[in-house]
Amino acid sequence: MTHVDIGADTFPTGERGHTRSYADAWSLASETLVRGLAHALSNRIATIGTIAELLRVGGDDPIAMSELLGVETRRLEDLLEQMRALSVQHSGRLEAMRLSDAVAGAMALHSYHPERRTIAITIEPGDESRPVLGDAIRLQRELILLLDAATNAALAHASRAVRVRFGLQGTVGVVRLLVGNAAATGALPECALGAIAMGVEESDAGVSYLLVIPALGAGA
């Protein structure tokens, strides 16, 4: 097994032994997600246009059409919120948060990656009795980049599957993205207060992408 700690400005690509800079990784990931979001926006706008036209000509059930219009409008608003989330800058402000919320937010955005539908993702939550502490925007983006790497690795693996396991481990919160039969245990990269650390464990069985962030409360 090979364990590699990832520097603050480098990210794995999903291809064994390869990394790229944070700027390049985020540029590629965000461009891909913007294309996916733009496609979803086009679909929502087309649906709203169809409903509006049916209402204009007096469709069979205007009440149902109005309710459907409300549903599609809310979906459109959600998509716009996701688009805005991609452009928000790092605040540098540390805040307490739940790992499950961070993982859910990252997965919601990454769901617009065109390859996500071709792989299976399983969520395995663990202990969340204490919050973690960090820059929420930076955490979400680094989770998205690790999801990107795990997706690329899964596409090249027979399983075409990723397990996302997260929870507290001692004084830190840990997120593991496991491809293949990668072990869900192993050494963790060192993590300073206010920082986020990452690592990769590669073996013949699979690959594990690690993210570590300080936790608050007892034992911290």
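Once that is clear, we can look at the overall build of the chain. A tally of regular secondary structure across the chain gives 4 helices and 10 strands. Going from the N terminus to the C terminus, the chain shows its helices and strands as β-β-β-α-α-β-α-β-β-α-β-β-β-β. Within the chain, residue pairs in contact and separated by at least 24 positions form 71% of the contacts whose partners lie at least 6 positions apart. Carbon and sulfur atoms form 54% of the exposed surface of the chain, whose accessible area is close to 11,000 Å².

Further remarks concern the packing of helix α3 (residues 99-110) against helix α4 (residues 136-155). Axis separation between α3 and α4 bottoms out at 9 Å; the angle between their running directions is 55 degrees. When the axes of α3 and α4 are compared, the pair comes out oblique. Crossing handedness for the pair α3 and α4: right-handed. Contacts between α3 and α4 involve Ala 102, Val 103, Gly 105, Ala 106, Met 107, Leu 109 and His 110 on the former and, on the latter, Leu 139, Gln 140, Leu 143, Ile 144, Leu 147, Asp 148 and Thr 151. Looking at the contact of α3 with α4, its residues break down into 9 nonpolar, 4 polar and 1 charged.

Our next topic: α3. Since one α-helical turn is 3.6 residues long, residues separated by three or four positions face the same way. Its 12 residues give α3 an end-to-end C-alpha distance of 16 Å, which sits within 8% of 16 Å, the value for a rise of 1.5 Å per residue. The buried fraction of α3 is high, at 9 of 12 residues. Of all the positions in α3, only Leu 99, Ser 100, Ala 102, Val 103, Gly 105, Ala 106, Met 107, Leu 109 and His 110 are classed as buried.

Before going further, it helps to examine the pattern of salt bridges. Here the structure, examined in full by the defined rule, presents 8 salt bridges. In this structure, Arg 84 and Glu 81 form a salt bridge, with 2.9 Å as the shortest nitrogen-oxygen distance. Taken together, the residues span about one helical turn, with Arg 84 and Glu 81 both in helix α2 (residues 62-87) at a distance of 3 residues. Residue Arg 163 pairs with Glu 124 through a salt bridge whose shortest N-O separation is 3.9 Å.

Of note, Leu 211 is situated in strand β10 (residues 206-214). Separated by 13 residues in sequence, Leu 211 and Met 198 have C-alpha atoms that sit 4.5 Å apart. Setting aside its immediate chain neighbours within four residues, Leu 211 contacts Leu 139, Glu 142, Leu 143, Leu 146, Gly 173, Val 174, Val 175, Ile 196, Ala 197 and Met 198.

So, on to the nonpolar core. Residues Val 175, Leu 177, Tyr 209 and Leu 211 are the most contacted members of the largest nonpolar core, which totals 46 residues. Within the residue set of this core, elements represented by two or more residues are α1 (22-56), α2, α3, α4, β7 (161-169), β8 (172-180), β9 (197-202) and β10. Per-element tally for this core: the top contributor is α4, with 10 residues.

Right, let's get into the pairing of β10. Burial runs high along β10: 9 of the 9 residues are buried. Residues of β10 alternate between two faces, with Gly 206, Ser 208, Leu 210, Val 212 and Pro 214 on one and Val 207, Tyr 209, Leu 211 and Ile 213 on the opposite face, all of them buried. Judged from the 9 bridges that link them, β8 and β10 form a sheet pairing that is antiparallel. What sits directly across from Leu 178, in β10, is Ser 208. Sheet analysis places β9 next to β10, joined by 6 bridges and oriented antiparallel. Within the sheet, the bridge partner assigned to Glu 202 lies in β10 and is Val 207.

A few words on the confidence of the model for the chain. Within the chain, residue pLDDT values average 83, and 89% of them lie at 70 or more. Averaged pLDDT values for the elements of the chain fall to 48 in strand β1 (residues 2-6) and rise to 93 in β7. Scored below 50 in pLDDT, residues 1-5 makes 15 contacts in the model with residues more than four places away or belonging to other chains.

One non-glycine residue with positive phi stands out, namely Arg 160, at about 45 degrees. Take Arg 160: it is sitting in the loop between α4 and β7. A relative accessible area of 33% means that Arg 160 is categorised as partly exposed.

About the thresholds
- Residues numbered from 1 in each chain as written.
- Predicted model: local features only at pLDDT ≥ 70, side-chain atom pairs only at ≥ 80, totals over all residues.
- Heavy atoms only, no water.
- Helix = DSSP H or I, 4+ residues; strand = E, 2+ residues; numbered from the N terminus.
- Contact = heavy atoms within 4.5 Å.
- Areas by Shrake-Rupley, 256 points an atom, 1.4 Å probe, with all protein chains shown as cover.
- Axes fitted to C-alpha atoms, helices over the stretch in contact; angles between N-to-C directions.
- Parallel < 35°, antiparallel > 145°, perpendicular 65-115°, else oblique.
- Left-handed = near helix turned anticlockwise from the far one by under 90°.
- Nonpolar A, V, L, I, M, F, W, Y, C, P; charged D, E, K, R; others polar.
- Expected span 1.5 Å × (residues − 1).
- Buried < 20%, exposed > 50% of the residue type's maximum accessible area, 1.4 Å probe, protein only.
- Salt bridge = Lys/Arg side-chain N within 4 Å of Asp/Glu carboxyl O.
- Core = buried A, V, L, I, M, F, W, Y, C linked by side-chain atoms within 4.5 Å.
- Pairing = 2+ DSSP bridges.
- pLDDT = per-residue confidence, 0-100.

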